[in-house]
Amino acid sequence: MQFAIQSLPFLWQGLFVTLQVSALVVVFSLAAGIVLGVGIVYGPRWLYWPIRLYSDFFRGIPLLVLIFFMYYGLPAFKVNLSNFAAVILALSAFKTAHVIEVTRGAIQSIHLGQTEAGKAIGLTFGQRLLYVIAPQAIRRFLPPWINAVVDTVKGSALVSLVGIVDLMLAIQQVIGRTYTPMPLYVLGALIYFSINYSLSMASRVLEARFAHIRE
Amino acid sequence: MAQIASDFIVKIRHLQKSFGANRVLDGVDLDVHKGEVVVIIGPSGSGKTTLLRCINLLETYDGGSIQVDGVEVGFREGPGGKRHLRSDRDLAGIRANIGMVFQLFNLFPHLTARENVMLGLRKVRKRSAADAKQIAEQWLSRVGLGDKFDSLPGQLSGGQQQRVGIARAVAMDPKVLLLDEITSALDPELVGEVLTVVQELAKDGMTMIVVTHEMTFARDVGTRIVFMDGGRIQIEGTPREVLGRTDHERLRTFLARIEVKHH
C-alpha cells in the first residue's frame, strides 16, 4: 500500500498521457467524423463511396492491428512516425469511422420535412445544417458519441504496447518494481472508471438539456 | 419600358416530370396572376402535389418551364441555351420569395412559435432581431396565436401548429404562397380555424396556389379551380364553371368520391 502511495506522482504522469492521447483523438475524430459524416449524407456519389469504404474498413479491423500497422508497418513505406504520432493517427482514424456513422445516423433521423421547410423559407445548405438540422440531430448524436469517447479512453490503454508510458504502462512499471499487482491494478481500474463514469454523468446532463426537442 | 412586364406571378409552360417510368406531369400549362387564388383539385396520383412542389423546386422537373415573377426556377441558361441546374445559393434566393405551407406543418420543433417565424427573417431577410421579433409577433397575432409566442410546436394543437406554419411563410412577404393539403392532417374540428386564416389572406390580396380536398373552401375562396387528372390539367375555370359542369365524366367521378368521403 505504501508503495502505491509513493508511486502516485509517477502514475499521475501516466494518467496525464492517457488523458492527452484521449483528448487529441476525441478532437481529431470529432472534426473529421462530422465533416465526413455530413459528406456521406449530402455529398455527391463520388464522395459517398470512398467515405463508405473508409468507414466500413476501419470499423472492421482490430484497433491493435491498426496501431501496430501505423508504428511497425508504415516504415516499410518510408513513413517513420514516432510512437506517439502513430497511436494518435491510429486511434483517430479508428474513431473517425465511428463518428461518421454516429453523425450519419443523427442526421438521417431528422424528418425530411425539416429540410424542405428550411429550403422553403430560403435557407442555404449551410444555414439549414446549422439552424435546422444540427440543433435537432445533436440529441441523437450525443449518447452514441459519448459512448465512443468512453471507448477511446479505454482503448487508449493499447498505446502502452508501443512503449508509450500512459496510465496502463505506468501501473505495470510500478508493479515491476514493487511486486504488488493487486492494489495497483485496483487503483488503475478505479482511475479509468472514475474518468468514464464522469463522462457518463456529463452525458446524462447533456441529454436532459436537449430532451425538450421532440419531433 | 418595364411597364409591359405582365402581372403573371407564376407562368408554367409544358411542364413534364417523371418518376422512373411513371409520367406524373404530362405537359402542364398554368398562369397565375397577382391576387389570384388558384385551387388545384384532383384524385391522388393526378400530379397536383408534384406540380406544387415543382414551383419552388422541392421537386425538379424534366421538361418545360416554370417562371416565378419572371425568373426561371429550375435552371439557368448558360451559353448556347444550355440548361444548368441552379446553385444552392441561387435557389435559396428564389425560394425566399415563394412561401410554402406543408401538410404535416414541418415546424422546427426546437424553436418556439416566434423563433420559427423569425428564422427566415433573421437569416434570409437579414432583419435585425428587434425587427424580426416584431414582424413575427405581428403575424402570429394575426393568425390568432397572440398568446403562444413562446410555445414550442410540441405544445400546440395541430390547428395552432398549422397557423404558425402559415405565419412563418407569409412573414417572408412572398410573391406567391403554396398551400399543400394544409388541412389534410388535421382533426375535422380544427380545419375551420386554419381555413379562416387562409381566407383572410386571400381577402388581403395574397396570391395563392392551393392543393386541397376542401370543396367548400375551393368554391368560396378560389378565384379559379383547376382540375387535374393523369398529369394534365383537364378543366379550369371559375369555381362556378368547374363545379357546375356535369358533362365531364372524370370530374364527376372525382367530385362524387370526395362527396362520399366528407359526409
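A.B. asks: Tell me about the interface of chain A and chain B, and please be specific about residues and values.
C.D. replies: The parts lose accessible area when they come together, and the size of an interface is often stated as this lost area. Listed as interface residues are 23 residues of chain A and, on the opposing side, 24 residues of chain B. With both chains or domains summed, chain A and chain B bury close to 2000 Å², and 62% of this area falls on carbon and sulfur atoms. Of all residues in chain A, the largest losses of buried area upon contact with chain B belong to A:Glu116, A:Ala120 and A:Ile121, amounting jointly to 29% of the total for that side. Here chain A and chain B share two salt bridges between them. Residue A:Glu116 is joined to B:Arg53 by a salt bridge in which the shortest nitrogen-to-oxygen separation is 2.6 Å. Here chain A is connected to chain B by seven residue pairs in polar contact (both at pLDDT 80 or more). At the level of elements, α6 (112-120) and α7 (125-155) of chain A are the ones that each hand at least two residues to the side of chain A that touches chain B.

A.B. asks: Outline the pairing of strand β1 (residues 8-19) of chain B, listing residues and values.
C.D. replies: Successive side chains on a regular strand alternate, one facing one side of the sheet and the next facing the other. Residue and element names in this part refer to chain B. In this structure, β1 lies alongside strand β2 (residues 22-33), joined through nine bridges in antiparallel fashion. Residue pairing for β2: Leu15 is matched across the bridge by Val28. Count of turn residues in the β1/β2 antiparallel hairpin: two residues, of which Gly20 carries a positive phi of about 60°. Pairing analysis gives five bridges linking β1 to strand β4 (residues 63-68), with the strands arranged antiparallel. Of the residues in β4, the one forming a bridge with Ile12 is Ile66.

A.B. asks: Go over the sheet that holds strand β12 (residues 232-237) of chain B with me, naming the residues and quoting the values.
C.D. replies: All names here are of chain B. What the six strands build is an open sheet, ordered β8-β9-β10-β3-β11-β12; its pairing is mixed. Each edge of the sheet is formed by a strand with only one pairing partner; in this case those strands are β8 (98-101) and β12. For this sheet, the mean angle separating the axes of adjacent strands, direction not counted, is 20°. Of the strand pairs in this sheet, β8 and strand β9 (residues 176-180) are connected by four bridges, and their pairing is parallel. Paired with Val101 across the two strands is Leu179, which belongs to β9. Against the sheet, helix α5 (residues 158-170) contacts β8 and β9, and its axis sits at roughly 175° relative to β8.

A.B. asks: Let's hear about the sheet that holds strand β5 (residues 71-72) of chain B: which residues, and what values?
C.D. replies: Pairing within the open sheet is antiparallel, and its four strands lie in the order β2-β1-β4-β5 (chain B). Edge positions in the sheet fall to β2 and β5 of chain B, since each of these pairs with one other strand and no more.

A.B. asks: Mind laying out the packing of helix α2 (residues 8-42) of chain A against helix α9 (residues 181-209) of chain A, listing which residues take part and the relevant values?
C.D. replies: All names here are of chain A. Across the interface, α2 lies against α9 with an axial gap of 12 Å and an inter-helix angle of 35°. Of the two elements, α2 crosses α9, and the hand of that crossing is right-handed. For the pair formed by α2 and α9, the contact residues are Leu8, Leu11, Leu15, Thr18 and Leu19 on the first element and Leu184, Leu187, Ile191, Tyr192 and Ile195 on the second. Along the lines of polarity and charge, the residues of the contact of α2 with α9 split into nine nonpolar, one polar and no charged.

A.B. asks: Tell me what's going on with the packing of aromatic side chains, and back it up with residues and numbers.
C.D. replies: Summed over all chains, the structure comprises ten aromatic pairs over all chains. Centre to centre, the rings of A:Phe193 and A:Tyr197 are 5.3 Å apart; their planes meet at 20°, and the pair counts as stacked. Of this pair, A:Phe193 and A:Tyr197 are both found in helix α9, four residues apart, which corresponds to roughly one turn of the helix. Classification of A:Tyr197 by relative accessible area gives partly exposed; the value is 41%. Clustering of aromatic rings is evident, with ring pairs tying together A:Tyr54, A:Phe57 and A:Phe58. The ring of A:Phe10 has A:Arg177 lying over it, and the distance from NZ or CZ to the ring centre is 5.2 Å. The ring of B:Phe108 has B:Arg168 sitting right over it, with the charged end atom 4.6 Å from the ring centre.

A.B. asks: So what's going on with the domain arrangement of chain B? Residues and values would help.
C.D. replies: All names here are of chain B. When cut into domains, chain B gives domain 1 (8-97 + 174-261) and domain 2 (105-170). Placing a centre on the C-alpha atoms of domain 1 and another on those of domain 2 gives a separation of 25 Å. Of the roughly 1200 Å² buried between domain 1 and domain 2, counting both surfaces, carbon and sulfur atoms make up 67%. Of all residues in domain 1, Glu193, Val197 and Leu201 bury the most surface against domain 2, accounting for 30% of the area lost on that side. Remark: the boundary between domain 1 and domain 2 carries two salt bridges. Residues Arg142 and Asp204 are paired through a salt bridge, measuring 2.8 Å at the closest nitrogen-oxygen approach.

Here is what the cut-offs are and how they apply
Residues numbered from 1 in each chain as written. Chains lettered and ligands numbered in written order. Predicted model: local features only at pLDDT ≥ 70, side-chain atom pairs only at ≥ 80, totals over all residues. Heavy atoms only, no water. Contact = heavy atoms within 4.5 Å. Buried area = accessible area lost by both parts, 1.4 Å probe. Salt bridge = Lys/Arg side-chain N within 4 Å of Asp/Glu carboxyl O. Polar contact = N/O pair within 3.5 Å; in protein donor to acceptor, adjacent residues only side chain to side chain. Helix = DSSP H or I, 4+ residues; strand = E, 2+ residues; numbered from the N terminus. Pairing = 2+ DSSP bridges. Axes fitted to C-alpha atoms, helices over the stretch in contact; angles between N-to-C directions. Left-handed = near helix turned anticlockwise from the far one by under 90°. Nonpolar A, V, L, I, M, F, W, Y, C, P; charged D, E, K, R; others polar. Phe/Tyr/Trp six-rings, centres within 6.5 Å; stacked < 30°, edge-to-face > 60°. Buried < 20%, exposed > 50% of the residue type's maximum accessible area, 1.4 Å probe, protein only. Lys NZ or Arg CZ within 6 Å of the ring centre and 35° of its normal. Domains from an automatic or database assignment.

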